[in-house]
Amino acid sequence: MVLHGTPAGYERGCRSRGGCQHHRSAEILTCVDAHIARQADFRLSRLPATAQVRRAMLTAAPSPPGADSGPACALPVHGTLWGYRRGCRGHRECPQWRTGLRTCVEAKRLYATEYAKNRGRGHGAPIAHGTTAGYFAGCRDRSACAGDEAGVTCPDARNSHKRALARRAGTPQREIPVDAAVAATRVAAWRSQGYSLRKIAQLAGVGRSTVMAIAGGTDEQSSRSRITAATLSAILAIGMPDVSVRSSPTDSEEVPASGSRRRAG
């Protein structure tokens, strides 16, 4: 059973003002308005979700014990960073959203942007350059960063921190690719002796698609200009073909790219 006029009624499916039992009521809010009011008013947020929200409560509700008091309470809450810090974390839940004004979330984002710009201009507390904190304070340009004593910039410190987190999480370090030109020369030499890409891949212990890409590619595989150091070592480990011993492929060694072996005539 839906108890209309409460935030709980909104959560249970009463999402239309016109369909609520208290539509146009002079005393009790609709479920939609009760939900919004509870999100917007710090005092109403202390009430149970099943409590009906009356219109008189919007202005006459007494401050609960321990609630903020003083001049700050007279200031507008919503559409400000203060409203965001007090729990207004959604655009649609903020009363400002219905009127097209700035919501608390937007106010927080604007504050963060302006804060970073001001710190970058030298206003406020000095930025600790060469640190992750400096990066989040707005120093994200290596050319403009003063760096620390070792010359580490804020972006460098941030990247180093991210790599350290990745290593602790078990993510392996990314391999730096190397030039594939030497490997391509070695593959071309074996192909000139009649070896298929499949046979070369078997000799090197790498994938056929990798050898195909190194060799220059096909319609299905583009040419690869950089490969991993492990792949390069595997290709070079098979050595150069001995032209004096072998001038043409044999039945036992040759495997055409189509996958079928040649038979002696």
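Given the structure is predicted, the values throughout are model-derived calculations rather than measurements.

K.L.:
In this structure, what is going on with the pattern of salt bridges? I would like to understand it.
P.N.:
Two side chains with opposite charge may pair up if their charged atoms get near one another. Tallied over the full model, the rule gives three salt bridges. A salt bridge links Arg54 to Glu27, with the shortest nitrogen-to-oxygen separation between them at 3.7 Å. Of this pair, Arg54 sits in the loop between helix H2 (31-40) and helix H3 (57-60) while Glu27 is found in the loop between helix H1 (7-11) and H2, placing the two residues 27 residues apart along the sequence. Residue Glu27 is classed as exposed on the basis of its relative accessible area, which comes to 53%. The partner of Asp156 in a salt bridge is Arg142, with the nearest N and O atoms 2.8 Å apart. In this pair, Asp156 sits in helix H8 (residues 154-168) while Arg142 sits in the loop between helix H7 (132-136) and H8, placing the two residues 14 residues apart along the sequence. On the basis of relative accessible area, Arg142 is assigned to the partly exposed category, the value being 44%.

K.L.:
Is there a simple way to think about the side chain of Thr6 in this case?
P.N.:
Mapped onto the secondary structure, Thr6 falls in the segment before H1. Judged by relative accessible area, which is 0%, Thr6 ranks as buried. In terms of polar contacts, Thr6 uses its side chain to reach the backbone carbonyl oxygen of Leu3, at 2.6 Å. Ignoring anything within four residues of it in the chain, the contact list for Thr6 reads Cys31, Ala34, Ala49, Thr50, Ala51 and Gln52.

K.L.:
Even after reading the chapter, I still don't get helix H12 (residues 229-237), so can you show me in this structure?
P.N.:
For an α-helix the count is 3.6 residues per turn, leaving residues at separations of three or four pointing the same way. Within the span of H12, buried status applies to Thr231, Leu232, Ala234 and Ile235. The buried residues of H12 occupy an angular sector of 165° when the element is viewed end-on, so they sit on one face. Lining the buried residues of H12 we find strand S1 (178-179), helix H9 (181-192), helix H10 (197-204), helix H11 (208-215) and strand S2 (226-227). Phi turns positive one or two residues past the end of H12, at Gly239, with a value near 70°.

K.L.:
Please explain the environment of Met212 as it appears in this structure.
P.N.:
With respect to the helices and strands, Met212 occurs in helix H11. Along the chain, Met212 and Arg198 lie 14 residues apart, while their C-alpha atoms are 8.7 Å from each other.

Criteria and cut-off values
As a convention, each chain's residues are numbered from 1 in the sequence order in which they are written. Whole-chain, interface and lining totals are the exception, using all residues; otherwise, since this is a predicted model, local features are given only for residues with pLDDT of at least 70 and side-chain atom pairs are given and counted only at 80 or more. Water and hydrogen atoms were dropped before computing side-chain values, which therefore reflect all heavy atoms in the structure. Criterion for a salt bridge: a side-chain nitrogen of Lys or Arg within 4 Å of a carboxyl oxygen of Asp or Glu. Working definition: helices are DSSP H or I runs of at least four residues, strands are E runs of at least two. Numbering for both runs from the N terminus. Exposure classes here rest on a 1.4 Å probe applied to the protein chains alone. A residue is buried below 20% of its type maximum, exposed above 50%, and partly exposed in between. In protein, a polar contact requires one atom able to donate a hydrogen and another able to accept it; more generally it is a pair of N or O atoms within 3.5 Å, and residues adjacent in sequence count only if both atoms are side-chain atoms. The contact rule is simple, with two residues in contact once any of their heavy atoms fall within 4.5 Å. An arc is given here, and it is the one of the directions from the helix axis to the C-beta atoms.

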